[in-house]
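For reference, the chains in residue letters:
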Amino acid sequence: MKDYYKIGEISKIYGFSKDSLMYYEDLGILKPDRDTNGYRMYSIQDLYRLNLIKELRTLGFSMKKIKEYLENRNLRTTEGILNEELILTETKIKELNFQRSNIINRLSAIAESKEITNFENIELKYIEKRKAIELNANITRDEEFDFCVQRLQNEYEGRFDILGNNNIGSFFSEEALKKGLNNVFKSVFCLIDDDEETYNITLEEGYYVTFIYKGDYIYNHEHLKKLEEYIKENNLEAVGGPLEIYKIDIHETGNPEEFVTEIQIPVKKI
């Protein structure tokens, strides 16, 4: 083993950029010697410091914390930083387990939507009260919908995911429907768990006329017309505007033929 290593060798061995090594030198953590040509030469003493820097940086310790430790290394401080390392590791494990569970749930949501077979059937369902977060917006294009979903996610600090989420939807604009415009929406929303405390709307429990279809949204006007006819024929009355829930949409597939959408209209019996 050599007694000294050049900055290029150290950079290659440890995976630190030359800028990082010079930054550590500016902080006083590394103190390389200079050869007759002025090139930095790192000693064996610098190597153990680099080993510790690499490990502690990987765990997320700040350079300030690392510098303090390197300047006061003894068994007590080593035990202390190892305990901190243990806590950080356990926190990462919890985060990874949460992420794993989250991914499994989203895969399950996609699998559940893929198993739907009752397409094009109108059903009357009793649905329990649902909590949701909503963002009001006048949406006339698909691009606007995606932008509003992102705004909703940002506004609620990423409380929901987009990919594999079959609880994102939108409310049709009732004013636009009266004018014969079927693809205008007044807001986007995301249904959330019952135990969530942060929400801004509630979809009341009651009967809903529902219709699940597969494919593009261009036939919305036909689907809505069928639902209106069903409501009249079955002595029902709409008590709210229609909404759509996107079980599978552009976020999961670029093929419109794979889209799965559910329309719901709250009703009461006359």
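Being a predicted model, the structure only gives us computed values, none of them experimental.

Trainee: Looking at this structure, I do not really get the overall build of the protein. What am I missing?
Mentor: Regarding its fold elements, the protein presents eight helices and 12 strands. Scaling as 2.2 N^0.38, a compact globule of 270 residues should have a C-alpha radius of gyration of about 18 Å, whereas the protein reaches 29 Å, well beyond that. Counting every position in the protein, which comprises 270 residues, the buried fraction comes to 39%. Of the roughly 16,600 Å² that the protein leaves accessible, carbon and sulfur atoms contribute 49%. Charge separation in the protein, taken as the distance between the mean sites of 37 positive and 50 negative side-chain charges, equals 6 Å.

Trainee: Please explain helix H6 (residues 142–155) as it appears in this structure.
Mentor: Residues three or four positions apart in an α-helix share a direction because the helix packs 3.6 residues into each turn. Between its first and last C-alpha, H6 extends 20 Å over 14 residues, near the 20 Å set by a 1.5 Å rise per residue. Turning to H6, its buried residues are Phe145, Cys148, Val149, Leu152 and Gln153. One side of H6 holds all its buried residues, which, seen down the axis, span an arc of 140 degrees. In H6, those exposed residues whose orientation departs by more than 90 degrees from the buried face are Glu143, Phe147 and Asn154.

Trainee: I'm lost on the sheet that holds strand E1 (residues 4–6) in this one. Help?
Mentor: Two strands in a sheet stick together by hydrogen bonds in their backbones, pointing the same way (parallel) or opposite ways (antiparallel). A sheet is described by the order of its strands in space; here three strands give the open sequence E1-E3-E2, paired in antiparallel fashion. Strand pairing shows two members of the sheet lacking a second neighbour, E1 and strand E2 (33–34), which therefore form its edges. When E2 meets strand E3 (residues 40–43), the two strands line up antiparallel, connected through two bridges. Bridged to Arg34 within E3 is Arg40.

Trainee: Explanation requested: the pattern of salt bridges in the structure shown.
Mentor: Pairing between side chains of opposite charge can happen when their charged atoms approach one another. The tally for this structure, following the rule as stated, stands at 11 salt bridges. In this structure, Arg34 engages Glu25 in a salt bridge whose closest nitrogen and oxygen atoms are separated by 3.7 Å. One salt bridge in this structure joins Glu144 and Arg141, with 3.7 Å as the shortest N-O distance. A network of salt bridges, in which partner residues are shared, links Glu25, Arg34 and Arg40.

Trainee: I would appreciate a short explanation of the environment of Leu243 in the present structure.
Mentor: Here Leu243 shows up in strand E11 (residues 243–248). In sequence terms Leu243 and Asn74 are 169 residues apart; their C-alpha atoms lie 65 Å from each other. Aside from chain neighbours lying at most four places away, what touches Leu243 is Ser170, Phe171, Phe172, Phe189, Leu203, Glu262, Ile263 and Gln264.

Trainee: Looking at this structure, I do not really get the packing of helix H3 (residues 44–58) against helix H4 (residues 63–71). What am I missing?
Mentor: Helices that pack against each other are described as a pair by the angle of their axes relative to one another and the distance between those axes. Contact geometry of H3 with H4 gives a least axis separation of 10 Å together with a crossing angle of 145 degrees. Judged by the sense of rotation from one axis to the other, the crossing of H3 with H4 is right-handed. Of the residues in H4, those touching H3 at Arg49, Leu52, Ile53, Leu56 and Arg57 are Met63, Ile66, Tyr69 and Leu70. Per-class residue counts for the contact of H3 with H4 are seven nonpolar, no polar and two charged.

Trainee: Is there a simple way to explain unusual backbone geometry in this structure?
Mentor: Residues apart from glycine generally show negative phi values, whereas peptide bonds are mostly found in trans. With phi around 65 degrees, Glu120 is a residue other than glycine that occupies positive phi space. Here Glu120 shows up in the loop between helix H5 (75–114) and strand E4 (122–127). A residue is classified by how much of its surface remains accessible, and Glu120, at 40% relative accessible area, is partly exposed. Despite not being glycine, Asn235 has its phi angle at roughly 50 degrees, a positive value.

Trainee: It is not clear to me how the nonpolar core should be interpreted in this structure. Could you clarify?
Mentor: Generally speaking, nonpolar side chains in soluble globular proteins are found buried as a group. Grouped together as the largest cluster of nonpolar side chains are 30 residues, with contacts concentrated most on Ile133, Ile139, Phe145, Leu152, Phe160 and Val188. The next biggest cluster of nonpolar side chains, apart from the first, holds 22 residues, and it includes Ile7, Ile10, Tyr14 and Leu59.

Trainee: Help me out: how do you make sense of helix H8 (residues 220–233) in this one?
Mentor: Given a rise of 1.5 Å per residue, 14 residues ought to cover 20 Å, and the 20 Å separating the end C-alpha atoms of H8 matches this to within 8%. Here H8 has its buried residues at Asn220, His223, Leu224, Leu227 and Ile231. Each buried residue of H8 sits inside an arc of 95 degrees when the element is viewed along its axis, so together they form one side. In H8, the exposed residues that point more than 90 degrees away from the buried face are Lys225, Lys232 and Glu233. One or two residues past the end of H8 sits Asn235, with phi positive at roughly 50 degrees.

Procedures and definitions
- Residues numbered from 1 in each chain as written.
- Predicted model: local features only at pLDDT ≥ 70, side-chain atom pairs only at ≥ 80, totals over all residues.
- Heavy atoms only, no water.
- Helix = DSSP H or I, 4+ residues; strand = E, 2+ residues; numbered from the N terminus.
- Rg over C-alpha atoms; globule rule 2.2 N^0.38 Å.
- Buried < 20%, exposed > 50% of the residue type's maximum accessible area, 1.4 Å probe, protein only.
- Areas by Shrake-Rupley, 256 points an atom, 1.4 Å probe, with all protein chains shown as cover.
- Lys, Arg positive; Asp, Glu negative; His and termini not counted.
- Charge placed at Lys NZ, Arg CZ, Asp CG, Glu CD.
- Expected span 1.5 Å × (residues − 1).
- Arc of directions from axis to C-beta.
- Pairing = 2+ DSSP bridges.
- Salt bridge = Lys/Arg side-chain N within 4 Å of Asp/Glu carboxyl O.
- Contact = heavy atoms within 4.5 Å.
- Axes fitted to C-alpha atoms, helices over the stretch in contact; angles between N-to-C directions.
- Left-handed = near helix turned anticlockwise from the far one by under 90°.
- Nonpolar A, V, L, I, M, F, W, Y, C, P; charged D, E, K, R; others polar.
- Core = buried A, V, L, I, M, F, W, Y, C linked by side-chain atoms within 4.5 Å.

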